[in-house]
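This is what each chain is made of:
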Amino acid sequence: MAKILPLPVASLPPSWDQSQILPRQTVYTVWMKSLVFNGNGCTVYGADSSVAFRVDNYGCCGGREVFFMDLYGKTLIKIQRKSFGIFKRWEACRFLDAGDGSGEETRPWFRVQKSGKNGAAVTIHGSGRAYTIDGCARKSEYEITGTDGAVAAAIGRKQTASGVVLGEDVLTLTVGSGTDHLLALGLVVVCGLMNRCL
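All residue numbers refer to position in the chain's written sequence, counted from 1. Predicted model: local features are reported for residues with pLDDT of at least 70 only, side-chain atom pairs are reported and counted for 80 or more only, and whole-chain, interface and lining totals are derived from all residues. Here the side-chain values reflect all heavy atoms present in the structure, with hydrogen atoms and water set aside.

Enquirer: Tell me about the nonpolar core, and please be specific about residues and values.
Expert: Most often, soluble globular proteins have nonpolar side chains that are buried together. Among the buried residues, those of types Ala, Val, Leu, Ile, Met, Phe, Trp, Tyr and Cys that are joined through side-chain atoms within 4.5 Å form a nonpolar core. Categorising residues by exposure relies on relative accessible area from a 1.4 Å probe, with only protein chains included: less than 20% of the type maximum marks a residue as buried, more than 50% marks it as exposed, and the intermediate range marks it as partly exposed. Ranked by size, the top nonpolar core spans 42 residues in total, and within it Phe-68, Ile-79, Phe-110, Val-112, Ile-133 and Leu-173 carry the most contacts. Only DSSP runs of H or I with at least four residues qualify as helices, and only runs of E with at least two residues qualify as strands; both kinds are numbered from the N terminus onward. At 11 residues, the largest contribution of residues to this core is made by helix H1 (residues 181-194). Apart from residues no more than four positions distant in its own chain, Leu-173 is found in contact with Thr-26, Val-27, Tyr-28, Val-30, Ala-153, Ala-154, Ile-155, Ala-184, Leu-185 and Val-188. Here, two residues are considered to be in contact whenever any of their heavy atoms come within 4.5 Å of each other.

This is the structure we're talking about:
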């Protein structure tokens, strides 16, 4: 199997203003396929082309619960869909080491709710910080912006070094240095759930 390499920073989606994000961006490649046979999920590759994170939904596609894990299978984030008719939202808990040797504990982290036809509102639990996902109804190109309008992360279809655009299931996520990488990756997973890609 050929390696999936990340886009260079110069090849970001054309709709993204590069001046709106801090230097030292991190680029991930997100392949909307699970590493588990007959599983639903996605795989995240780092800049060195090795697997950095994986997401598995052990139920059916579009299930109510997914787990975001590191390379070794340690759960980092649990995302659950909470839906009541048209009021759909997704809630994420972050898994933390309890510190006393008793294992892990979960803490509420963020909530995503659809807003408008093509967007979603993100609220960080306990901090009052908020983000907006612009264009999340599209599967392969959208942006995550802060309340100040600055782009915190952007996702677009991956291109090879020769300029060939890959399929809609191979994406490039570029995260600004001031943005929590797990948060950006968690929001990509939520968008995949919204679009029933996972």
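From this point, the discussion proceeds with the structure in view.
Enquirer: Would you mind going over the packing of aromatic side chains in detail, with residue names and values included?
Expert: Any Phe, Tyr or Trp ring, taking Trp's six-membered ring, that has another such ring centre within 6.5 Å forms a pair; planes under 30 degrees apart are called stacked, those over 60 apart edge-to-face, and the others tilted. Within the structure shown, the criterion is met by three aromatic pairs. Relative to Phe-110, the ring of Trp-109 has its centre 5.3 Å away and its plane inclined at 65°; by these criteria the two rings are edge-to-face. By relative accessible area, Phe-110 is classed as buried at 3%. In this structure an aromatic cluster arises from ring pairing among Tyr-28, Phe-53 and Phe-68. For a ring to carry a charge above it, either NZ of a lysine or CZ of an arginine must fall within 6 Å of the ring centroid while also lying within 35 degrees of the normal to the ring plane. In this structure, Arg-94 is placed above the aromatic ring of Trp-109, and the distance from its NZ or CZ to the ring centre is 4.3 Å.

Enquirer: Describe the pairing of strand E9 (residues 130-134), listing the residues and the values that go with them.
Expert: Along E9, the buried face is formed by Tyr-131 and Ile-133; none of Ala-130, Thr-132 and Asp-134, which line the opposite face, is buried. Between any two strands, pairing holds if DSSP finds at least two bridges. Pairing of strand E8 (residues 119-124) with E9 involves five bridges; the strand directions are antiparallel. The partner of Gly-119 across the bridge, within E9, is Asp-134. The hairpin turn running from E8 into E9, its antiparallel successor, is five residues long, and Gly-126 in that turn takes a positive phi close to 80°. The pairing of E9 with strand E10 (residues 142-146) spans four bridges and is antiparallel. Residue pairing in the sheet places Thr-132 in a bridge with Thr-145 of E10.

Enquirer: Hey, could you go over the confidence of the model for the protein chain for me, with residue numbers and the actual values?
Expert: Predicted confidence across the protein chain gives a mean pLDDT of 79, with 78% of residues reaching 70 or more. The least confident element of the protein chain, judged by mean pLDDT, is strand E6 (residues 87-97) at 84; the most confident is strand E12 (residues 170-175) at 93. Scored between 0 and 100, pLDDT is the confidence that the predictor attaches to each residue.

Enquirer: How would you sum up the environment of Val-151? Please name residues and give values.
Expert: With respect to the secondary-structure elements, Val-151 resides in strand E11 (residues 151-157). Judged by its relative accessible area of 4%, Val-151 is buried. Measuring from C-alpha to C-alpha, the distance between Val-151 and Thr-132 comes to 9.5 Å, with 19 residues separating the pair along the chain.

Enquirer: Give a description of the pattern of salt bridges that names residues and reports values.
Expert: Salt bridge, as applied in this entry: a Lys or Arg side-chain nitrogen positioned within 4 Å of an Asp or Glu carboxyl oxygen. Following the criterion strictly, the structure yields two salt bridges and no others. A salt bridge links Glu-91 to Arg-89; the nearest nitrogen and oxygen atoms lie 2.8 Å apart. Judged by its relative accessible area of 26%, Glu-91 is partly exposed. One salt bridge connects Arg-94 with Asp-180, and the closest N-O pair in it is separated by 3.3 Å. Residue Arg-94 is located in strand E6, and its partner Asp-180 is located in the loop between E12 and H1; the two are separated by 86 residues in the primary sequence. Assessed through its relative accessible area of 32%, Asp-180 is described here as partly exposed.

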